[in-house]
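Tertiary structure, described
Read off the chains here:
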Amino acid sequence: MEQQVLSITQINEYIRSKMDADPLLGSVAVRGEISNYKMYPSGHHYFTLKDEGGALKCVMFKGNAMRLRFRPENGMKVIAMGKISVFPRDGAYQLYCSAMTLDGIGDLYAAFEQLKAKLAGEGLFDPAHKKPLPKYPGVIGIVTSSAGAAVHDMLRILRKRYPLTRVRLFPVRVQGVEAPPEIVGAIRYANRYKLADLLIVGRGGGSIEDLWAFNDERVARAIYDSEIPVISAVGHEPDVTISDFVADLRAATPSNAAELGVPDQQALQQVLDGYSAAMATSLSRQIKAGRQHLKALSGSPALRSPTGYLEQRRQNVLLLKNRLLSAQTQSVERKRRRFVEQTAKLDAMSPLKVLTRGYAMAQTKDGTVLRSVKQVNLGDEIGIAVGDGALSATVSQIKENGQ
Amino acid sequence: MNEKNATFEANMQRLEQIVRAMERGDVALDESLKLFQEGTDLVHACGKLLDEAQMQIEKVVKGADGNPTFEEFQDEN
């Protein structure tokens, strides 16, 4: 059997097609240490990943390399993601790296999530605790590095938007172990001496390690405790830190913080123009309304026909007078009727009335009403009152009940 | 303390009051004329404050006694 002879190109293409069909090689994550790191003017990055047992050539094209969150250096331990394929020109396979993170980042993410959950549980991110920002901050305290570009970006934007404010810089280190205590110290100091109406706390972009001070629990608590409202301004747009959650307002970047922190003088000028226009409109409307009112008055009955107007008024007065009189009459009549009713009631209770119904009242000579046989003796003269008069009688017999 | 800013803020608040009162239309005409004059003056004063403002920048330095001191900060414009 005759061996088939292939060209180099053919065999390299064959190997490439084999490798490209392999699912593991198509998407792989590799842990290793960077060596021979080179960045070409084209923007592509070339390096080798190695461990104790071997080495792997890697390439990272410009588009992917621009998304790196750190600057790779020889000796760094990394995890590189991508696909492994053949570079036919050299007959060598290599890792086409699409993304790369520092090894050990997994631990940082876990710590981040833990702290986030803990502080959220304590209510440090509670919207109810967020303070409103001053509308026209007179003094803005900026807690950041005095070295980075971030502070200059912020100053430039603040000056452009709202030069009426005053800026107080609190220079601190923003990365490394010294950073958290310095940031905390600056926030507390600003509060203690009331050095600002608004604080911007942050730094420019960097790797997750660079930004780590803003995931520090001490920094988070200092921001939470600050009586001066705090804008958190850390890194680039996608970077989210614990400081962002706990601050009164999160800005995507330091520049964004400067925009959120102050009003824009151009917008203010428009507001002022709007006020001028509104005042002018209101005033002219009032003058117009006043004129119409005057016109309406000059057409009113009082001015058009004074005598007719007076006559009408006089009749009104008459009408009212009659109503008053009739009200008085009714009142007197009501009182009279009530008097008659009361008299009738009194009359019904009178003893004289009882006599007209056939009863009689006996009295001794001195006028005492007789209630008992014991009040008289035989032969006593008594008076007897009946309905229509009185008579005298002499007691001829006394008989007590039951005898 | 930042006096110019405080003046600006107070002016803006007073302006808002004036505009609201005039828009409600429940003030007498002579009062409206006075408000209009006051408001127009405030608009000019606010514009002038913005136009002439020069942002001040200072660096906070903790003094030997712990009290803050302020140093000039030269920003690379």
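Residues numbered from 1 in each chain as written. Chains lettered and ligands numbered in written order. Predicted model: local features only at pLDDT ≥ 70, side-chain atom pairs only at ≥ 80, totals over all residues. Heavy atoms only, no water.

Structural notes on the environment of M60 of chain A
Residue and element names in this part refer to chain A. Following the sequence through the fold, M60 ends up in strand β3 (residues 54–60). Judged by relative accessible area, M60 falls into the buried class, the value being 1%. For M60 and Y46, which are 14 residues apart along the polypeptide, the C-alpha to C-alpha distance reads 6.4 Å. Ignoring anything within four residues of it in the chain, the contact list for M60 reads H44, H45, F47, A65, L68, C97, S98, A99 and M100. (Helix = DSSP H or I, 4+ residues; strand = E, 2+ residues; numbered from the N terminus. Buried < 20%, exposed > 50% of the residue type's maximum accessible area, 1.4 Å probe, protein only. Contact = heavy atoms within 4.5 Å.)

Here we look at the layout of surface pockets
Residues and elements named next belong to chain A. The volume enclosed by the largest pocket comes to roughly 460 Å³. Along its surface, the largest pocket is lined by 20 residues, and A65, M66, L68, R69 and F70 are the ones closest to its centre. Looking at the lining of the largest pocket, the elements that each hand over two or more residues are β1 (28–39) and α3 (62–65). The computed volume of the second largest pocket comes to approximately 290 Å³. Along the wall of the second largest pocket there are 13 residues; nearest its centre are Y46, F47, K57, C58 and Q94. (1 Å grid on protein atoms, 1.4 Å probe; cavity = no way out; pocket = protein on both sides within 12 Å on 5 of 7 lines; lining within 4 Å. Points joined across faces, edges and corners; volume = space filled by probe spheres on them.)

Quick word on the packing of helix α1 (residues 3–24) of chain B against helix α2 (residues 29–52) of chain B
All names here are of chain B. Running from N to C, α1 and α2 cross one another at 150°; their axes reach a closest spacing of 9 Å. One way to sum up the angle between α1 and α2 is to call them roughly antiparallel. Between α1 and α2 lies a crossing whose hand is left-handed. Residues K4, T7, F8, N11, M12, R14, L15, I18, A21 and M22 of α1 lie in contact with α2, whose contacting residues are S32, L35, F36, E38, G39, L42, V43, A45, C46, L49 and L50. Of the residues contributing to the contact of α1 with α2, the split by class is 14 nonpolar, four polar and three charged. (Axes fitted to C-alpha atoms, helices over the stretch in contact; angles between N-to-C directions. Parallel < 35°, antiparallel > 145°, perpendicular 65-115°, else oblique. Left-handed = near helix turned anticlockwise from the far one by under 90°. Nonpolar A, V, L, I, M, F, W, Y, C, P; charged D, E, K, R; others polar.)

Remarks on the interface of chain A and chain B
Contact residues are listed per partner, giving 36 residues for chain A and 45 residues for chain B. Contact between chain A and chain B buries roughly 3,900 Å² in total, counting both sides, with carbon and sulfur atoms accounting for 64%. At the junction of chain A with chain B, the criterion picks out two salt bridges. Linking R168 of chain A and E58 of chain B is a salt bridge whose minimum nitrogen-to-oxygen distance equals 2.6 Å. (Buried area = accessible area lost by both parts, 1.4 Å probe. Salt bridge = Lys/Arg side-chain N within 4 Å of Asp/Glu carboxyl O.)

Section: a nonpolar patch on the surface
A contiguous nonpolar patch, built from L6, I8, I11, Y14 and I15 of chain A and spanning about 450 Å² of accessible area, is present on the exposed surface. In this structure, I8 of chain A sits in helix α1 (residues 8–21). (Patch = residues over 30% accessible without salt bridge, like charges linked within 9 Å, V, L, I, M, F, W, Y side chains within 5 Å. Areas by Shrake-Rupley, 256 points an atom, 1.4 Å probe, with all protein chains shown as cover.)

Some points on the sheet that holds strand β2 (residues 68–72) of chain B
Spatial ordering of the open sheet is given by β10(A)-β9(A)-β8(A)-β6(A)-β7(A)-β1(B)-β2(B), a layout of seven strands whose pairing is mixed. Lying at the two open borders of the sheet, with one neighbouring strand each, are β10 (249–251) of chain A together with β2 of chain B. This sheet shows a mean twist of 25° between the axes of neighbouring strands, independent of strand direction. Looking at chain direction, strand β1 (residues 56–62) of chain B and β2 of chain B are connected through five bridges and run antiparallel. When the bridges of β2 of chain B are listed, E58 of chain B appears paired with E72 of chain B. (Pairing = 2+ DSSP bridges.)

Keep in mind these values describe shape, not function.
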